[in-house]
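For reference, the chains in residue letters:
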Amino acid sequence: MAEKKDKTTIILFSGDLDKAMAAFIIANGAAAYDQEVTMFFTFWGLNALRKEEHVPVQKGFLEKMFGWMMPRGANKLGLSKMNMAGLGPKMIKNVMKKHNALTLPQLIEMAKEQGVKLVACTMTMDLLGITKEELIDGVELGGVAAYLGDATEGKVNLFI
Amino acid sequence: MAEKKDKTTIILFSGDLDKAMAAFIIANGAAAYDQEVTMFFTFWGLNALRKEEHVPVQKGFLEKMFGWMMPRGANKLGLSKMNMAGLGPKMIKNVMKKHNALTLPQLIEMAKEQGVKLVACTMTMDLLGITKEELIDGVELGGVAAYLGDATEGKVNLFI
Amino acid sequence: MAEKKDKTTIILFSGDLDKAMAAFIIANGAAAYDQEVTMFFTFWGLNALRKEEHVPVQKGFLEKMFGWMMPRGANKLGLSKMNMAGLGPKMIKNVMKKHNALTLPQLIEMAKEQGVKLVACTMTMDLLGITKEELIDGVELGGVAAYLGDATEGKVNLFI
């Protein structure tokens, strides 16, 4: 009989590069220790899951505005501190390259390979007018009920 | 004999509209699943509980300054991202209206109706010079000890 | 036979004065209730542990830039809200003095005296080029594995 695995859940609310990296580093670490990991992407955090290319979708005006103003995908996120009009993210990316650290897109890829469940918040998608086609592959959809179901069984539950 | 309910605690540290909404959506969800939910409002998070009208209270100079500079109530909060001098919150409120999503004041009302315990951090009140009369009705007062007592029994404990 | 103590872990990701204070107030509270408390300092949170004086260390250009741009130590942190080019932190410090509240350096000292384990994230140190000599005394080093080991046993796990 299989032993029950420890569970970890992470809500990624933030759309900042540094916070998204922290979230994925913890998620990948927990998955490497054979934990069951679920990440919920809500509000600005959803931007980390957007495809880089423009996906033509019929939208209302406000939804178009949001789609246009928010960063499209993991490569476009800014920093929570020292963003300096994009210089900060460049510096961080340079220093990460120098140290052979994984980029955010690589961290996301690794999470998927390790079986981390990526759940996009349906309420946010609805509000900001983001459709499933605009998100990277391998993402599930869920709401607050799905989150609570997992978190109640989680040993570690973080809001980032 | 009543089964013991699952407990959820949320510290709302942030005074941002989007983060406050996320906190109340989770809290209301957990309460709907019959969990015992406690929300602690500390630092800027306390602003979500302020009454909209000015309440005349005797205060020192610094406390007056804080009271004057900080947003008065759930309707006045800004966004953590894309605030754009108030345009962001207006866009979010418009898009929420369009989608029939509950506003923050409505989410707070629902939390109270569902029995979510709202606790204002006494240390913050003391520091920033906010009195109980300036807070909306139905709010309890408590400190870090009250929080730890609840959180130690909580299955889900978030800091937002 | 000693009863097993409750455990609390806090990740301090933020380099903001207000968030660092909140983290240490919770940590000190939990330690006062005889809990085993571990704080992990990652990304900007590491700045709270930097020594105030300049420590001469051989560094690459990017690492020097980060070291120069980031606040050096607990006394230099800004606020997450209402920083107003340094006026906010001054106001907060004034109001804290008036109310005899502990400063952040005092909260850190108290945490150390109470046996709170302070762990600096090695990945962040590596990335930003911060060495152990540049951190205050009494800090351990650890990575995501150390965090997960503690957090899996923690009753309260927060990300701040």
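The preceding data block contains the structure.
Residues numbered from 1 in each chain as written. Chains lettered and ligands numbered in written order. Predicted model: local features only at pLDDT ≥ 70, side-chain atom pairs only at ≥ 80, totals over all residues. Heavy atoms only, no water.

A.B. asks: Just checking my understanding: could you explain the pattern of salt bridges for this structure?
C.D. replies: Pairing is possible between side chains of opposite charge, provided their charged atoms come close. One pass over the full model with this rule turns up 27 salt bridges over all chains. For K81(B), the salt bridge identified is with D16(A), shortest N-O distance 2.6 Å. Of the two residues, K81(B) sits in the loop between α2 (61-69) and α3 (87-98) while D16(A) sits in the loop between β1 (7-12) and α1 (17-32), which places them in two different chains. Residue K81(B) is classed as partly exposed on the basis of its relative accessible area, which comes to 27%. Look at the salt bridges and you will find they share partners, linking K7(A), E36(A) and E153(A) into a network. (Salt bridge = Lys/Arg side-chain N within 4 Å of Asp/Glu carboxyl O. Helix = DSSP H or I, 4+ residues; strand = E, 2+ residues; numbered from the N terminus. Buried < 20%, exposed > 50% of the residue type's maximum accessible area, 1.4 Å probe, protein only.)

A.B. asks: What should I look at first to understand the relation of the copies chain C and chain B in this one?
C.D. replies: Mapping between the two copies of the chain is achieved by a rotation about an axis and a shift along the axis. For the match of chain C to chain B, the screw axis carries a shift of 0.0 Å, the RMSD comes to 0.0 Å, and the turn is 120 degrees. Viewed as a symmetry operation, the transformation between the two copies matches a three-fold axis. Little of the interface of chain C is mirrored in chain B, where only 17% of its interface residues are also at the interface. (Least-squares fit on C-alpha atoms with pLDDT ≥ 70 in both. Contact = heavy atoms within 4.5 Å.)

A.B. asks: Would you mind going over the relation of the copies chain C and chain A with me for this structure?
C.D. replies: Mapping chain C onto chain A leaves a residual RMSD of 0.0 Å; the transformation is a rotation of 120 degrees accompanied by 0.0 Å of translation along its axis. The overlap is low: 18% of the interface residues of chain C also sit at the interface in chain A, so different surfaces are used on the two sides.

A.B. asks: Help me out: how do you make sense of the environment of T8(B) in this one?
C.D. replies: Residues and elements named next belong to chain B. Tracing the backbone shows T8 in strand β1 (residues 7-12). In this structure T8 comes out as buried when scored by relative accessible area, which is 0%. Spatially, the C-alpha atoms of T8 and P105 are 21 Å apart, while their sequence positions differ by 97 residues.

A.B. asks: Can you help me understand the interface of chain C and chain A in this one?
C.D. replies: When the parts of a complex come together, some accessible area is lost, and that lost area is often used as the size of the interface. Residue-level contacts link 28 residues of chain C with 30 residues of chain A. Among the residues of chain C in contact with chain A, W44(C), L127(C) and F159(C) are the three that bury the most area, contributing 24% of the side total. The tally of links between chain C and chain A comes to two salt bridges. For E63(C), the salt bridge identified is with K98(A), shortest N-O distance 2.9 Å. Linking chain C to chain A there are seven residue pairs in polar contact (both at pLDDT 80 or more). The set of elements that each furnish at least two residues to the side of chain C that touches chain A consists of α2 (61-69), α5 (122-128), α6 (144-153) and β5 (156-159) of chain C. In terms of residue count, α6(C) provides more of the side of chain C that touches chain A than any other element does, six residues in total. (Buried area = accessible area lost by both parts, 1.4 Å probe. Polar contact = N/O pair within 3.5 Å; in protein donor to acceptor, adjacent residues only side chain to side chain.)

A.B. asks: I would appreciate a short explanation of the packing of helix α6 (residues 144-153) of chain A against helix α1 (residues 17-32) of chain B in the present structure.
C.D. replies: Pairs of packed helices are described in terms of their axes, by the angle between the two and the distance that separates them. Interhelical geometry of α6(A) versus α1(B) gives an angle of 70 degrees and a closest axis separation of 10 Å. One element, α6(A), and the other, α1(B), form an angle in the roughly perpendicular class. Across the interface between the two elements, V144(A), Y147(A) and L148(A) of α6(A) pack against I25(B), I26(B), G29(B) and A30(B) of α1(B). Taken together, the residues of the contact of α6(A) with α1(B) break down into six nonpolar, one polar and no charged. (Axes fitted to C-alpha atoms, helices over the stretch in contact; angles between N-to-C directions. Parallel < 35°, antiparallel > 145°, perpendicular 65-115°, else oblique. Nonpolar A, V, L, I, M, F, W, Y, C, P; charged D, E, K, R; others polar.)

A.B. asks: Can you help me understand the sheet that holds strand β5 (residues 156-159) of chain A in this one?
C.D. replies: Strand-to-strand pairing in sheets goes through backbone hydrogen bonds, with the strands running parallel or antiparallel. Residue and element names in this part refer to chain A. Reading across from one edge, β4-β3-β2-β1-β5 is the order of the five strands in this open sheet, with parallel pairing throughout. Each having just a single partner strand, β4 (140-142) and β5 make up the two edges of the open sheet. Sheet twist, expressed as the average angle between the axes of neighbouring strands with direction ignored, equals 25 degrees. Bridging between β1 and β5 involves four bridges; their strand directions are parallel. Across the sheet, I10 pairs through a bridge with L158, a residue of β5. Across the sheet, α6 touches β1, β2 (36-41), β3 (117-121), β4 and β5, and the angle it forms with β1 is around 140 degrees. (Pairing = 2+ DSSP bridges.)

A.B. asks: Is there a simple way to think about the interface of chain C and chain B in this case?
C.D. replies: Between chain C and chain B, the contact holds 30 residues from the first and 28 residues from the second. Roughly 2,500 Å² is buried in total at the junction of chain C and chain B, and carbon and sulfur atoms are behind 76% of that figure. It is K81(C), M82(C) and M91(C) in chain C that bury the most area against chain B; as a group they hold 22% of the surface buried on that side. Remark: the boundary between chain C and chain B carries two salt bridges. When contributions to the side of chain C that touches chain B are tallied by element, the ones reaching two or more residues are α1 (17-32), α3 (87-98) and β5 of chain C.

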